[in-house]
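Observations on the model geometry
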Amino acid sequence: CDVLVFLRAVRIPDLQPRPTMSLTVKAYLERPGAQTTPPEHEIRRFAIDPSVSSSYDYLSRKVAQVFPCLSEPGNFQLFWKDGEGDLVSFSSDEELLEALGFVSDGIFRIYVKATSSGSSQATPGDAQPDGTFHPNVVCDGCN
């Protein structure tokens, strides 16, 4: 039994890795008590390399860099808006990963609130007029 085998050379195209897309961040800065100059809200867009997109430290340094008035990461708090429209504070890699899971259109929207004291922690002096104290919460139910 003789078998003839025909081989045909087929060129396989060069498989090159696709370039990874950077994460686009749209940051909304809110300055407490700001008047018209400079404006109360300022918006900036910037890109973050995917290799550092889950690093809270990198993101907070980048935010301080794109908003020169903040000068350093301790002068502000970062928030993201969840599916119910609530602003959710984040300050760790784990919380950042949770927020990134809600990105649906390729743009990560963050809300930056400048703190006047340079500290993101509330103090007992931040209590409501009736003495109620809610650290790290903007409470509209106490008024």
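Residues numbered from 1 in each chain as written. Predicted model: local features only at pLDDT ≥ 70, side-chain atom pairs only at ≥ 80, totals over all residues. Heavy atoms only, no water.

Next up on the list: the nonpolar core. Core analysis: the largest hydrophobic core is formed by 24 residues, its most contacted members being Leu 59, Val 63, Leu 78, Phe 90, Phe 108, Ile 110 and Val 112. Residue assignment for this core shows that the elements contributing at least two residues are β1 (23–30), β2 (41–48), α1 (56–66), β3 (76–81), α2 (93–100) and β5 (107–114). When residues in this core are grouped by element, the largest group, five residues, is from α1. (Core = buried A, V, L, I, M, F, W, Y, C linked by side-chain atoms within 4.5 Å. Buried < 20%, exposed > 50% of the residue type's maximum accessible area, 1.4 Å probe, protein only. Helix = DSSP H or I, 4+ residues; strand = E, 2+ residues; numbered from the N terminus.)

Looking at the protein as a whole, its pLDDT mean stands at 76, while 59% of the residues score no less than 70. The low-confidence segment residues 118–127 (pLDDT under 50) makes 16 contacts with residues lying over four places distant or belonging to another chain. (pLDDT = per-residue confidence, 0-100. Contact = heavy atoms within 4.5 Å.)

Attention shifts here to the pattern of salt bridges. Tallied over the entire structure, the rule returns two salt bridges. Taking the shortest distance from any N to any O, the salt bridge between Asp 105 and Arg 109 comes out at 3.0 Å. Judged by its relative accessible area of 29%, Arg 109 is partly exposed. (Salt bridge = Lys/Arg side-chain N within 4 Å of Asp/Glu carboxyl O.)

Let's shift gears to the environment of His 41. Within the fold, His 41 resides in strand β2. The exposure class of His 41 is partly exposed, given its relative accessible area of 49%. With ten residues separating them in the primary sequence, His 41 and Arg 31 have C-alpha atoms 6.7 Å apart. Setting aside residues up to four positions removed in sequence, His 41 forms contacts with Leu 29 and Glu 30.

The subject of this paragraph is the sheet that holds β2. The strand order β2-β1-β5-β3-β4 describes an open sheet built from five strands, whose pairing is mixed. Lying at the two open borders of the sheet, with one neighbouring strand each, are β2 and β4 (87–90). Within this sheet the neighbouring strands show an average axis-to-axis angle of 35°, counted without direction. Bridging between β3 and β4 involves four bridges; their strand directions are antiparallel. When the bridges of β4 are listed, Leu 78 appears paired with Phe 90. α1 rests against β1, β2, β3, β4 and β5 of the sheet, and its axis sits at about 130° to β2. (Pairing = 2+ DSSP bridges. Axes fitted to C-alpha atoms, helices over the stretch in contact; angles between N-to-C directions.)

This brings us to the packing of aromatic side chains. A full pass over the atoms with the stated rule returns four aromatic pairs. Here Tyr 56 and Phe 90 contribute two aromatic rings whose centre-to-centre distance is 5.9 Å and whose plane-to-plane angle is 85°, an arrangement assigned as edge-to-face. Of this pair, Tyr 56 sits in helix α1 while Phe 90 is found in strand β4, placing the two residues 34 residues apart along the sequence. Accessibility expressed as a relative area gives 13% for Tyr 56, which makes it buried. By relative accessible area, which is 1% here, Phe 90 ends up buried. An angle of 45° between the planes, with centres 6.2 Å apart, marks the rings of Phe 90 and Phe 108 as tilted. Of this pair, Phe 90 sits in strand β4 while Phe 108 sits in strand β5; the two residues are 18 residues apart in sequence, bridging distant segments of the chain. The residues Phe 90 and Phe 108 share a single accessibility class, namely buried. Pairwise contacts between aromatic rings join Tyr 56, Phe 90 and Phe 108 into one cluster. Above the face of the Phe 79 ring, Lys 113 is positioned so that its terminal group lies 5.1 Å from the ring centre. (Phe/Tyr/Trp six-rings, centres within 6.5 Å; stacked < 30°, edge-to-face > 60°. Lys NZ or Arg CZ within 6 Å of the ring centre and 35° of its normal.)

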